[in-house]
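Below are the chains, spelled out letter by letter.
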Amino acid sequence: MKWFAKAITILALAGAVTVVMGSGATTHAAGDKIVMKLALAAPAGDVRDLTCQKMAEIAKEKSNGRILIEVYSGGQLGDWRDAIEGLGMGINEIVLESLGTLDAYSEMANIDAVPYLFRDADHFEKVWFGPIGEKILKTVGDEGNFKLLGPQNRGARIVTTKVPFKTIAELKGLKIRVPNIQVYIETWKTLGASPTPLASTESFTALQQNTVVAQENPIILSYSYSFYDVCKYLVMTNHVFSADMFIFDKQYFENLPADIQQILTEAINEAAKWRNGKCLLDEEEYRKKFEEKGVTIIEPERAEFIAAFDGFVEKFFPKLTPWATEIKAVK
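First, a word on what this report is: a plain description of the structure on this page. (Residues numbered from 1 in each chain as written. Predicted model: local features only at pLDDT ≥ 70, side-chain atom pairs only at ≥ 80, totals over all residues. Heavy atoms only, no water.)

**Topic: the overall build of the chain**
Summing up its helical and strand segments, the chain has 13 helices and 10 strands in all. For 331 residues, the compact-globule estimate of 2.2 N^0.38 gives 20 Å, and the C-alpha radius of gyration of the chain, at 20 Å, lies within 12% of that figure. With respect to the three principal axes, the spread of C-alpha positions in the chain is 60 × 40 × 40 Å. Across the 331 residues of the chain, 56% fall into the buried class. On the chain, roughly 13900 Å² of surface is accessible, and the fraction owed to carbon and sulfur atoms is 52%. Across the chain, 37 positive and 43 negative side-chain charges occur, with their mean positions spaced 2 Å apart. (Helix = DSSP H or I, 4+ residues; strand = E, 2+ residues; numbered from the N terminus. Rg over C-alpha atoms; globule rule 2.2 N^0.38 Å. Buried < 20%, exposed > 50% of the residue type's maximum accessible area, 1.4 Å probe, protein only. Areas by Shrake-Rupley, 256 points an atom, 1.4 Å probe, with all protein chains shown as cover. Lys, Arg positive; Asp, Glu negative; His and termini not counted. Charge placed at Lys NZ, Arg CZ, Asp CG, Glu CD.)

Structure, rendered in structure tokens:
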């Protein structure tokens, strides 16, 4: 019953008055106001938070005030794992997170975190807004009972570290925080580091206490968590181009009136396009912000890093090999 107690606690934080044991059962009469809680781990003011706020504003405007989306940033409704579990319990109706966080529900979700799968941001956009991306979202959604909308470029993942490195040899034994997602764990083991799975919200303290000496995340999120205060080096590994998206419980979304589904889809796509257009400009801006904080930027021997992952998908995630091949072939 621990999960039930946890659900009660989170519901209290969200101001809920009833326990909903399955959001898929929710029904709405024509003209009802529909209030949705949107959970994300990123802090207020982060680009993910801004994207959620923008989506909420667009949905409210397009629905003439019928759709009211309350944004709970900074892990107020729990970390990303709690938030995703909360979809099925009615604790929250929407989550903004990366596709890779759904790996426990669908093996296909691991494709999101495969290292050096995407050449650059242009390649990323062609894949995610083309037929391959649509098939991946549908597959993960069907397998995990989710509705996935609005792929967004989180920015290339980099490393902030107390210990500088430029080559793979210098990574040996490096204690690095990674998400508790198998692809990331295997990625850093492949490079000879010592990965420690931790939530982003726990990483700053772990770096302060030297539980880990490095962490990896997109550059914008790394700045939002103030990792420049505990890490004096930033290594531009650019090892993963990960996709954020808005995640709903599938039954909940499908039980919404058709016009509400359409408005939400439009609002999400508009907010996603806004963020994708902002991403590259923000990356350059945040690189400068790190430098202004006294952080040294290191350009690693990236060709060596890329070569280290030859055969990685075939070894650890063989079922994803055809998908990885198809993605790499996109010009």
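**Overview of the pairing of strand S6 (residues 194-197)**
Pairing analysis gives 4 bridges linking strand S5 (residues 175-178) to S6, with the strands arranged parallel. Counterpart to Ile176 in the pairing with S6 is Pro195. (Pairing = 2+ DSSP bridges.)

**Concerning the packing of aromatic side chains**
Tallied over the entire structure, the rule returns 13 aromatic pairs. With a centroid separation of 5.3 Å and an interplanar angle of 75 degrees, the aromatic rings of Tyr223 and Tyr286 are classed as edge-to-face. With a gap of 63 residues between them, Tyr223 in helix H8 (residues 219-224) and Tyr286 in helix H10 (residues 258-292) connect regions that are remote in the sequence. Using a relative accessible area of 16% as the deciding quantity, one classes Tyr223 as buried. Among the aromatic residues, those joined into a cluster by ring pairs are Tyr116, Phe309, Phe312, Phe316 and Phe317. In this arrangement the basic side chain of Lys54 is found over the ring face of Trp274, its NZ or CZ atom lying 5.0 Å from the centre. Lying over the aromatic face of Tyr286, Lys289 brings its terminal NZ or CZ to 4.4 Å of the ring centre. (Phe/Tyr/Trp six-rings, centres within 6.5 Å; stacked < 30°, edge-to-face > 60°. Lys NZ or Arg CZ within 6 Å of the ring centre and 35° of its normal.)

**Looking at the environment of Arg154**
Mapping Arg154 onto the fold places it in strand S4 (residues 146-161). Along the sequence, Arg154 and Leu221 sit 67 residues apart, while their C-alpha atoms lie 8.6 Å from each other. In this structure Arg154 touches Arg48, Ser98, Pro218, Leu221, Ser242, Ala243, Asp244, Arg275 and Cys279, once residues within four positions along its chain are discounted. (Contact = heavy atoms within 4.5 Å.)

**Considerations on the state of the cysteines**
What makes a disulfide is a covalent bond joining the sulfur atoms belonging to two cysteines. One pass over the full model with this rule turns up 0 disulfides. Left without a disulfide partner, Cys279 is nearest to the cysteine sulfur of Cys52, which lies 15 Å away. Owing to a relative accessible area of 4%, Cys279 belongs among the buried residues under this scheme. (Disulfide = S-S within 2.5 Å.)

**Considerations on the nonpolar core**
Formed by 62 residues in total, the largest nonpolar core has its most connected members in Leu99, Leu102, Ile111, Ile136 and Leu148. Among residues more than four places away in sequence, those in contact with Leu148 are Leu99, Leu102, Leu137, Val140, Gly141, Met245, Phe246 and Ile247. (Core = buried A, V, L, I, M, F, W, Y, C linked by side-chain atoms within 4.5 Å.)

**Details of the environment of Arg302**
For Arg302, the position within the fold is in helix H11 (residues 302-307). A relative accessible area of 27% means that Arg302 is categorised as partly exposed. Between the C-alpha atom of Arg302 and that of Ile168, which follows or precedes it by 134 residues, the distance is 9.5 Å. The contact partners of Arg302, leaving out residues within four places of it in the chain, are Tyr116, Met236, Thr237 and Asn238. A polar contact is formed between the side chain of Arg302 and the side chain of Glu299, at a distance of 3.1 Å. (Polar contact = N/O pair within 3.5 Å; in protein donor to acceptor, adjacent residues only side chain to side chain.)

**Quick look at helix H5 (residues 131-144)**
Here H5 spans 20 Å end to end across 14 residues, near enough to the 20 Å set by a 1.5 Å rise per residue. Of all the residues in H5, the buried ones are Ile132, Gly133, Ile136, Leu137, Val140, Gly141 and Gly144. The buried residues of H5 all sit within an arc of 160 degrees when viewed along its axis, so they share a single face. Away from the buried face of H5 by more than 90 degrees, exposed residues Pro131, Glu134 and Lys138 are located. Those residues of H5 that are buried lie in contact with helix H4 (121-128), S4, strand S9 (241-249), helix H9 (250-255) and helix H13 (321-329). Following H5 by one or two positions, Asn145 has its phi on the positive side, about 65 degrees. (Expected span 1.5 Å × (residues − 1). Arc of directions from axis to C-beta.)

Coordinates in, geometry out; function isn't part of it.
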